Amino acid sequence: MKKKISLLLSVIVLLSSCFIPASADVITSNHNDGISRMFNDRPDFCLYCGELHTGTSGAFVRFFHDVAYFFCGIVGKYPENGRMWFSYDTVDAGADEPFCFIHAGDTHVSLIDERDYGDARLVDTAEKRFDYCPYDLRCLDDLSFKANEIGAFIVHTGDLIDFVSQKNLDIAKEFTANNDVFACAGNHEYHVYIWDDGDDVARRESVEQKVQESFTNDIRFSVRIEHGVKFIAVDNSFHTVEQWQVDRFREEIADGMPVILALHVPVYAPDIFEFQMNKYDYPHPAWLMAVPEEIMAEYNYEPQWIEEQKANEATNEFYNLIINSPNIKAIVTGHDHAHFVSQVTPTLKQYMVATDEGQIFAVR
Ligand SMILES: [Zn+2]
Ligand SMILES: [Zn+2]
């Protein structure tokens, strides 16, 4: 009888612990916490060890690993063997010879040191943001390790840093100097105090030069050719592009070479729009580029955010070029911190990468 009671008590304690909000960060963060990762939309990859467990026995292993991961989230400590998990896909681009690249994004490095301690607002930002995304450096380590292991270069689709601090810029500089990284800007590359920062061009311009110094390619517009495939990185981090970017893009795609396009903000497609709008149960925009204006009218969200995310003429032109150019073979994006593959046209896939995820592409 005693045994039965203690067993029952253990079950009650175990079950009730699942509903105790041990820390606000664990519950609300959509970045690196155990709970949101447990219910992530990429169920095949074990969140605890990063391995793929398939079949009935795999599901069994994964269940126990998910429970372990859940408790890791509560105590704030995760297994030491890496923060990232990797997914695999293939792009049939018509490469001269097959090669691999790793796509990652939204690392959100959120550190600060004595050089910025004089700025109280920045210190406050750093304290809050470090709780929000504390595993950034481990993700960078994992990326380096995996890139070396498989001999691939890294396409980073932005938000490598969370806000502009000396320390964050140093880390980005070290990472891009020691690894083969091709990057485009994310909105956070130009954020300073985060919460008050909208898509503000003047602010971007005030930090743009020093941020750029931490990268090895131009993060507003760059081209790189790998085995007959052209990678084009375009900064659309404020949900729009500028006319000079569209003009350069038009020139770059005119030669008909196969193109893989790297953007921070995903482009509109009905499937990803639906995914984004169903993601949270509070009013929010879709955080996509070139959403048709009549659909945006249903957002029911802060008017200035809707205004910021409206496509301008250059952005619509860019979008039309993308959907009408069959030589664009894939789009890789980030920004929304979840894994989703959308079908932009019947022949063009867009891969949105989750925070903590590396997508390994074999390009043929
Ligand atoms: Zn991000
Ligand atoms: Zn972003």
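Just above sits the structure.
These numbers were taken from a predicted model, which means no experiment stands behind them.

Definitions and limits used
Residues numbered from 1 in each chain as written. Chains lettered and ligands numbered in written order. Predicted model: local features only at pLDDT ≥ 70, side-chain atom pairs only at ≥ 80, totals over all residues. Heavy atoms only, no water. Helix = DSSP H or I, 4+ residues; strand = E, 2+ residues; numbered from the N terminus. Buried < 20%, exposed > 50% of the residue type's maximum accessible area, 1.4 Å probe, protein only. Contact = heavy atoms within 4.5 Å. Areas by Shrake-Rupley, 256 points an atom, 1.4 Å probe, with all protein chains shown as cover. Donors = N, O, S within 2.8 Å, 3.2 Å for Na, K, Ca; no water. Tetrahedral: all angles 85-135°; square planar, octahedral: opposite > 155°, others 65-115°. Expected span 1.5 Å × (residues − 1). Arc of directions from axis to C-beta. Pairing = 2+ DSSP bridges. Phe/Tyr/Trp six-rings, centres within 6.5 Å; stacked < 30°, edge-to-face > 60°.

Caption draft 1: Expanded view of the overall build of the chain. A count of helices and strands for the chain gives 13 helices and 11 strands. Residues classed as buried in the chain amount to 54% of the 364 residues present. A fraction of 72% describes how many contacts in the chain between residues 6 or more apart in sequence connect residues 24 or more apart. Counting only carbon and sulfur atoms, one obtains 56% of the accessible surface of the chain, whose full area is about 16,700 Å².

Caption draft 2: The coordination of the zinc ion (ligand 1), seen in detail. Protein coordination at the zinc ion (ligand 1) comes from Asp106 (OD), His108 (NE2), Asp159 (OD) and His337 (NE2), with a distance range of 2.0 to 2.2 Å. Note that the zinc ion (ligand 1) binds 4 donor atoms; their angles at the metal cover 88 to 169 degrees, and the shape is irregular. Within one chain, the residues serving as donors to the zinc ion (ligand 1) are arranged as D-x1-H-x50-D-x177-H. Separating the zinc ion (ligand 1) from the zinc ion (ligand 2) is a gap of 3.5 Å, which Asp159 spans by donating to each of them. One end of the pair, His108, is in the loop between β2 (99–104) and α5 (120–132); the other, Asp159, is in the loop between β3 (153–156) and α7 (166–178), with 51 residues separating them in the sequence. Comparing His108 with Asp159 shows no difference in burial state: the two are buried.

Caption draft 3: Quick look at α5. Along its 13 residues, α5 runs 19 Å from first to last C-alpha, staying within 8% of the 18 Å computed at 1.5 Å per residue. Among all positions in α5, only Leu122, Thr125, Ala126 and Arg129 are buried. End-on, the buried residues of α5 take up no more than an arc of 100 degrees, which puts them together on one face. Opposite the buried face of α5, by more than 90 degrees, sit the exposed residues Ala120 and Glu127.

Caption draft 4: How the structure looks around the coordination of the zinc ion (ligand 2). Bound to the zinc ion (ligand 2) on the protein side are Asp159 (OD), Asn187 (OD1), His264 (NE2) and His335 (ND1), at distances that span 2.1 to 2.3 Å. Given 4 donor atoms and angles of 84 to 159 degrees at the metal, the environment of the zinc ion (ligand 2) is assigned as irregular. Going along the chain, you hit the donors of the zinc ion (ligand 2) in the pattern D-x27-N-x76-H-x70-H. Look at Asn187 and you get buried, because its relative accessible area is 8%.

Caption draft 5: Broad picture of the pairing of strand β11 (residues 357–363). Of all 7 residues making up β11, 6 are buried, and the element is well covered by its neighbours. Judged from the 7 bridges that link them, strand β1 (residues 85–91) and β11 form a sheet pairing that is parallel. Of the residues in β11, the one forming a bridge with Thr90 is Ala362. One ladder, built from 5 bridges, connects β2 with β11; its direction is antiparallel. Bridged to Phe101 within β11 is Phe361.

Caption draft 6: Spotlight on α7. The end-to-end C-alpha distance of α7 is 18 Å, a good match for the 18 Å that 13 residues give at a rise of 1.5 Å each. Of the positions making up α7, those classed as buried are Asn168, Leu169, Ile171, Ala172, Phe175 and Thr176. What you see down the axis of α7 is that its buried residues fit within an arc of 160 degrees, all on one side. Seen from the open side of α7, the exposed residues pointing more than 90 degrees away from its buried face are Glu174, Ala177 and Asn178. Close packing links the buried residues of α7 with α6 (136–150), β3, β4 (181–183) and α8 (201–212).

Caption draft 7: Structural view of the packing of aromatic side chains. Counting across every chain of the model gives 13 aromatic pairs. Both rings, one in Phe99 and one in Phe153, keep their centres 6.5 Å apart while their planes meet at 20 degrees; by these two values the pair is stacked. Taken together, the residues Phe99 in strand β2 and Phe153 in strand β3 connect sequence positions 54 residues apart. Both residues of the pair, Phe99 and Phe153, count as buried. Relative to Phe273, the ring of Tyr268 has its centre 5.9 Å away and its plane inclined at 65 degrees; by these criteria the two rings are edge-to-face. There is no split in this pair, since Tyr268 and Phe273 are both buried. In textbook terms, an aromatic cluster arises when at least three aromatic residues are bridged by ring pairs, as seen for Phe99, Phe101, Phe153, Phe231, Tyr351 and Phe361.

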